[in-house]
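Descriptive analysis of the structure
This is what each chain is made of:
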Amino acid sequence: MTYLLVIDEGTTSTRAMLFAPDGRCLGSEQRDLEQHYPGPGLVEHDAEEIWEKSLECARAMVAKAGGAGLVAAIGITNQRETVLFWSRRTGKALAPAIVWQDRRTADLCAGLKEAGQEEMVQAKTGLLLDPYFSASKIAWALENWPQVSAAGADLMVGTVESWLVYRLTGGLHVTDATNASRTALMDISTGGWDQELLDLWGVPASALPEIVDCAGIYGSTDPELFGRSMPIAGMAGDQQAASIGQACLAAGDTKATYGTGAFVLTHTGETLQQSRHRLLATVAWQLGGKRIYALEGSMFVAGSLIQWLRDELGLLESSAESEELARSVADNGGVYLVPALSGLGAPHWQPSARAAISGLSFSCGKSHVVRAALEAMAHQTHDLMRAFASDGARWGVLKVDGGMVANDWLAQDLADMLDLKVERPEFIETTALGAAMLAGVGCGLFESLEEAEAMRGKAVLFQPDMEDKHRDHRLAGWRQAVEAVLLQTTRS
Ligand code: ADP
């Protein structure tokens, strides 16, 4: 028996997991990553720490497998958009990694937006002009970090999977098409770096990796690292990997991940479809040089709202208690919570919006507020579903994952409010599973992603069970609450 080793490098931690080809997860090793906040809106990681801790976790899983000879292939999945800078010569980091959450380039992006560049950027990349994406971060580093700007031909730039592959192989510089699609430097219709975009951001092509498929043998690990070398055969950004792990393999298939924030991806097929409703168009995967596309919408605040109710307001002992409290009342008692704690994401894109709890009376208790917080997940998802539908992407079943959907009440509320079947897999680590599936395809264990789907186990189905008038009433209340928040935003 041989195994698939996955490196799942996230924002707050990195880990490695070991899978059997039938999908069983045989082990996991995790290390927390230090978050650096050098100033307001600035978020950095130590690139060497990312490498060292990922290596430690991978080594633990190689030992678990019984040695590198028993690992058929490595798959990598990662926090997207975060950029790293290193030396071609030494392979060592030249600067901190600038993390996706970092807002230091807000003015730069706003300036380009004012200069009328957003249309071109969106047409080529499927993205909007926002600090979230890698390009403005690279431009900033080239302008402000002398060790980066002075590196010249020695400079290597890449997202996290690029960095890990460079170190694992001792010098291979590649990125997969999903990660590349989040940089705002790739023309997603051609799958190549785009000169007009490189010029816009002032990024030298010589520093960038080669864009490759999400599966295939890219190279092998340096034999010094694990005793002998192992092939690296699959890569995708975390949300795309989760979508694959949820077997969203046909057009219309949709997954929603409810973690700290929430990310929804709908597979839109082989034809690139731009959003007219401020969703993002992105690459779902690339195999055999052919790209499959997706539309993506995100909510900035999901599980972090429950954390906030727990840690800041003290309404909950634990996140899980939210379920009990929501069930303890018959309805929301007229209370609505618009969770714009860090602005409103798609489809509103109002970064300066502020959260609100409305409809309170003396007959309301903390259970109503907690219930309103959980209900906000279905409400926000409903707004996204409408935006996706307006873009022609209609959802069938909604496949859910992430820490929040351990909450059965929430999963049922999603089914009820969306009037859709909601499917929750028993094995919830869909991101790592997707990377394992890609690695399995890349090393030839599976012929196709459809064949690799056998790795996905059983799922629980939540059936919609709510009267229309009930749903309409809730949606009307939500709409009113959101409008009040948006009105407040334009006034302030
Ligand atoms: P991430 O991958 O973004 O770190 P996770 O997928 O691990 O996040 O999800 C953790 C989030 O889910 C936390 O914000 C937590 O508050 C929330 N959460 C965990 N369990 C529950 C629950 N039973 N009900 C509601 N929210 C929950």
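This structure is a prediction, so every number in the text was calculated from the model and none was measured.

The rules behind the values
Residues numbered from 1 in each chain as written. Predicted model: local features only at pLDDT ≥ 70, side-chain atom pairs only at ≥ 80, totals over all residues. Heavy atoms only, no water. Pairing = 2+ DSSP bridges. Helix = DSSP H or I, 4+ residues; strand = E, 2+ residues; numbered from the N terminus. Axes fitted to C-alpha atoms, helices over the stretch in contact; angles between N-to-C directions. Phe/Tyr/Trp six-rings, centres within 6.5 Å; stacked < 30°, edge-to-face > 60°. Buried < 20%, exposed > 50% of the residue type's maximum accessible area, 1.4 Å probe, protein only. Lys NZ or Arg CZ within 6 Å of the ring centre and 35° of its normal. Near = heavy atom within 4 Å. Polar contact = N/O pair within 3.5 Å; in protein donor to acceptor, adjacent residues only side chain to side chain. 1 Å grid on protein atoms, 1.4 Å probe; cavity = no way out; pocket = protein on both sides within 12 Å on 5 of 7 lines; lining within 4 Å. Points joined across faces, edges and corners; volume = space filled by probe spheres on them. Nonpolar A, V, L, I, M, F, W, Y, C, P; charged D, E, K, R; others polar. Contact = heavy atoms within 4.5 Å. Domains from an automatic or database assignment. Buried area = accessible area lost by both parts, 1.4 Å probe. Salt bridge = Lys/Arg side-chain N within 4 Å of Asp/Glu carboxyl O.

1. Some thoughts on the sheet that holds strand β16 (residues 262-269)
Either a parallel or an antiparallel arrangement is found when strands of a sheet pair, and the pairing is made through backbone hydrogen bonds. The sheet built from seven strands is open, its strands ordered β17-β18-β16-β15-β21-β22-β23 with mixed pairing. Here the strands that pair on one side only, and so sit at the sheet edges, are β17 (280-287) and β23 (459-462). Averaged over all pairs of adjacent strands, the angle between strand axes in this sheet comes to 30°, irrespective of strand direction. Two strands pair when backbone bridges link them, and strand β15 (residues 254-258) and β16 are joined in this way by five bridges, in the antiparallel orientation. Residue pairing across strands places K255 opposite L265, the latter belonging to β16.

2. Looking at the packing of aromatic side chains
Across all of its chains, the model carries eight aromatic pairs by this definition. Consider the rings of Y132 and F133, whose centres lie 4.8 Å apart with planes at 40°: the pair is tilted. By relative accessible area, which is 3% here, F133 ends up buried. Three or more aromatic residues joined by ring pairs make a cluster, and in this case those are F85, W140 and W145. Its end group placed over the ring of W140, R104 keeps NZ or CZ at 4.4 Å from the ring centre.

3. A look at the site of the ligand
For the ligand, the set of nearby residues contains 13 residues, the closest of which are T260, G303, Q307, S319 and G403. Here an oxygen atom of the ligand and a backbone polar atom of G403 are 2.8 Å apart. Taking N407, its side chain carries an N or O atom lying 3.1 Å from a nitrogen atom of the ligand.

4. A few points about the layout of surface pockets
The volume enclosed by the second largest pocket comes to roughly 350 Å³. If you list the elements that add at least two residues to the lining of the second largest pocket, you get α13 (366-390), α14 (408-418) and α17 (468-491). Examining the composition of the lining of the second largest pocket, we find that five residues originate from one element, α14, more than from any other. By residue class, the composition of the lining of the second largest pocket is four nonpolar, six polar and 10 charged.

5. A closer look at the environment of T12
Tracing the chain through its elements places T12 in the loop between β1 (3-9) and β2 (13-19). Given the relative accessible area of 53%, T12 is considered exposed. T12 sits 346 residues away from S358 along the chain, and the two C-alpha atoms are 33 Å apart. Discounting chain neighbours no more than four positions away, the residues touching T12 are D32, L33 and Q35.

6. Observations regarding the domain arrangement of the protein chain
For the protein chain, the assigned domains are domain 1 (3-239) and domain 2 (247-425 + 458-492). A straight line from the C-alpha centre of domain 1 to that of domain 2 covers 28 Å. If you look at the interface, domain 1 gives 26 residues, while domain 2 gives 23 residues. Both faces considered, domain 1 and domain 2 share a buried interface measuring about 1,900 Å² in area, 49% of it formed by carbon and sulfur atoms. The largest per-residue losses of area from domain 1 upon contact with domain 2 belong to L128, I188 and Q239, which jointly make up 30% of the total buried on that side. The interface formed by domain 1 and domain 2 holds three salt bridges in total. For E118, the salt bridge goes to R278, with nearest N and O atoms at 3.6 Å. Mapped by element, the contributors of at least two residues to the side of domain 1 that touches domain 2 are α3 (118-125) and α7 (177-180). Considering every element that reaches the side of domain 1 that touches domain 2, the biggest residue donor is α3, with four residues. Taken together, the residues that form the side of domain 1 that touches domain 2 break down as 11 nonpolar, nine polar and six charged.

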